[in-house]
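# Architecture at a glance
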Amino acid sequence: MHVAIVGSGPSGLYTADAIARLFPDAEIDIFDRLPTPYGLVRGGIAPDHQSTKAVVRAFERTLAREGTRFWGNVEIGRDLTYDELKAAYDLLIFSVGAEKDRALGIPGENFPEVYGAAAFVGWYNGHPLHHDLEPKLAGTALAVIGNGNVALDVVRVLAKTQAELGDSDICEHAARRIGAAQLTDLYLIGRRGPVEASFTPIELAELGELERCEIVVDPQAVAIDVGPEVPEKEVKVRQRNIEILRSFAARNGSAKAMRIHVLFNAAPVAILGDGSVTGLLLERTRVVDGRAELTGERFQLPVESVVAAIGYHTPALPGVPFDEKSGRFKNDDGLIEPGVYAAGWCKHGPRGVVGTNRTDAGILVKRIAEDLAAKPPAGGKPGAGAVTALLHERGVRVVDFAAWKRIDAAEIARATPPKPREKFVTSEALLAAAASESES
Ligand code: NAP
């Protein structure tokens, strides 16, 4: 069986692993638009969360399996079409994630100092599409909108000292800019209350351990308990979040150089400015039946930059059925059309942590196996041979697993310890590193 997986992030690689276990003879080709594998593990997970990135060791084994091939620097929709993949493979799985920022939909959103979290995180993580974002980080105050783990990542990375980031793999250009910024006040803004925040406790607690940054929480805002409306399986996490927030609120305040102000029940109304950002207009809310209801009471924050960490959606891919409303591929429990499936965030939207993809991949592949048992593939598809010819014709420089390992080694070699790697941040530099050994 010839299998193509599009996207080499956690969902794609866990799916590849599950397929290899169930179908040991399967030939699995894993495509990625970037010359590098691992998706959000490389470009999304915070650079100071190195232990989470250790999952790449398992992913390496998946990519190194005999019968599995990595096809980096191959973009579906540009270098190969959807129809060409369907013609070449018995089974096609999209696992392209959700890389586009959702829009805030408020006035002022287009000011140059307003950044979506996908772009901002991509900037400090050296994503080739975002490495040159050069966020202004002007003035002393910045707002991060959203109460999820991405918002926590952004404020934490901005609040850390250069020493605290020393053993991270933050890109040099970003560390320099963050180090030079004069920020003193970061605002973390939730449109609903602390009970509704989607933080996970370990990540929330980290904010309390920052060297140069105090965390400011209004005790009244967290004098609230988890109510019966919270689903049973989430009660513990939400309770733990409230406890952590209360412990922050009980702090006496200290003379640190920076502060993270945690604001709840504050919905963004407009980003203020005159060509560039001068403030953020918010409206107080109360939570009614789980929804943020506006109260009419407005206030302003004097911020000069805004990061919107309010969720992501999947970009459409030419030919692949797409649901505009939900921002993901049209699918019925993973099935896009016979022989074509969606996995991970492009299937069900952005949720869960890296490991969630493992469970989801197991469920999806079980379903695929049932579908294949009910209607076995007709066979006769050419697999990699067909795409090799097309890519050669089109002059695409494919980065295979060995070439990725050359990039990997070069990035590790050029970092100054304790930094684990210094990433190449442009496609040109990545391709040069991929080619380095073979040319020497
Ligand atoms: P998320 O958890 O869904 O959080 C999005 C936040 O944006 C929510 O607080 C949401 O508020 C808010 N929001 C949405 N639209 C808004 C608007 N128009 N105005 C104001 N606020 C708005 O998503 P995420 O933070 O992007 O994370 C995505 C996934 O990656 C999550 O599963 C997360 O746990 C995971 N992740 C994990 C880690 C980690 O484990 N360390 C790190 C990063 C990301 P409402 O709730 O009111 O809609």
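Preceding this section is the structure that the text describes.
Notes on the structure follow. A quick note: this is a predicted structure, and the numbers were derived from the prediction, not measured. (Residues numbered from 1 in each chain as written. Predicted model: local features only at pLDDT ≥ 70, side-chain atom pairs only at ≥ 80, totals over all residues. Heavy atoms only, no water.)

### Some thoughts on the nonpolar core
In summary, soluble globular proteins display a tendency toward joint burial of nonpolar side chains. If you look at the biggest cluster of nonpolar residues, it comprises 48 residues, and the most contacted ones within it are L188 and I260. For this core, the elements supplying multiple residues, two or more each, are α6 (117-124), β7 (141-145), α7 (149-159), α8 (172-180), β8 (185-189), β9 (213-217), α10 (235-249) and β10 (258-263). Broken down by element, the residue count for this core peaks at seven residues, all from α7. When residues no more than four places from it in sequence are discounted, the contact partners of I260 are V155, A159, L186, L188, L207, L210, C213, E214, I215 and V216. Counting 38 residues, the second-largest nonpolar core is a separate cluster that includes I5, Y38, L364 and V399. (Core = buried A, V, L, I, M, F, W, Y, C linked by side-chain atoms within 4.5 Å. Buried < 20%, exposed > 50% of the residue type's maximum accessible area, 1.4 Å probe, protein only. Helix = DSSP H or I, 4+ residues; strand = E, 2+ residues; numbered from the N terminus. Contact = heavy atoms within 4.5 Å.)

### Comments concerning a positive patch on the surface
Side chains of R102, R191, R192 and R291 sit close together on the surface and give a patch of like positive charge. Here R291 is to be found in strand β13 (residues 291-301). (Patch = residues over 30% accessible without salt bridge, like charges linked within 9 Å, V, L, I, M, F, W, Y side chains within 5 Å. Areas by Shrake-Rupley, 256 points an atom, 1.4 Å probe, with all protein chains shown as cover. Salt bridge = Lys/Arg side-chain N within 4 Å of Asp/Glu carboxyl O. Lys, Arg positive; Asp, Glu negative; His and termini not counted. Charge placed at Lys NZ, Arg CZ, Asp CG, Glu CD.)

### A closer look at the packing of aromatic side chains
Scanning all chains against the criterion turns up twelve aromatic pairs. Considering the side-chain rings of Y38 and W404, the 5.8 Å spacing of their centres and the 85 degrees angle between planes classify their relative orientation as edge-to-face. With Y38 in the loop between β2 (27-32) and α2 (40-43) and W404 in helix α14 (residues 401-413), the pair connects residues that are 366 residues apart, well separated along the chain. Accessibility assignment for this pair places Y38 and W404 in one class, buried. Joined through ring pairs, the aromatic side chains of Y14, Y38, F59 and W404 make up one cluster. Above the face of the F299 ring, R284 is positioned so that its terminal group lies 4.2 Å from the ring centre. (Phe/Tyr/Trp six-rings, centres within 6.5 Å; stacked < 30°, edge-to-face > 60°. Lys NZ or Arg CZ within 6 Å of the ring centre and 35° of its normal.)

### Here we look at the sheet that holds strand β18 (residues 335-337)
The strands making up a sheet associate through hydrogen bonds between their backbones, and the pairing can be parallel or antiparallel. If you walk across this open sheet you meet the six strands as β3-β2-β1-β4-β19-β18, and the pairing is mixed. At either margin of the open sheet sits one strand with a lone partner, and together these are β3 (68-72) and β18. The mean inter-strand angle of the sheet, taken between neighbouring strand axes irrespective of direction, is 20 degrees. Relative to β2, strand β1 (residues 2-6) runs parallel, the two being bridged by five bridges. Directly across from A4, in β2, lies its bridge partner D29. Packed onto the sheet, helix α13 (residues 384-393) meets β2 and β3 and runs at close to 20 degrees relative to β3. (Pairing = 2+ DSSP bridges. Axes fitted to C-alpha atoms, helices over the stretch in contact; angles between N-to-C directions.)

### Points about the pattern of salt bridges
Where side chains of opposite charge bring their charged atoms close, a pairing between them can arise. Within the structure shown, the criterion is met by 36 salt bridges. A salt bridge links K405 to E60, with the nearest nitrogen and oxygen atoms 2.6 Å apart. Of this pair, K405 sits in helix α14 while E60 is found in helix α4 (residues 56-64), placing the two residues 345 residues apart along the sequence. When its relative accessible area of 23% is taken as the criterion, E60 is described as partly exposed.

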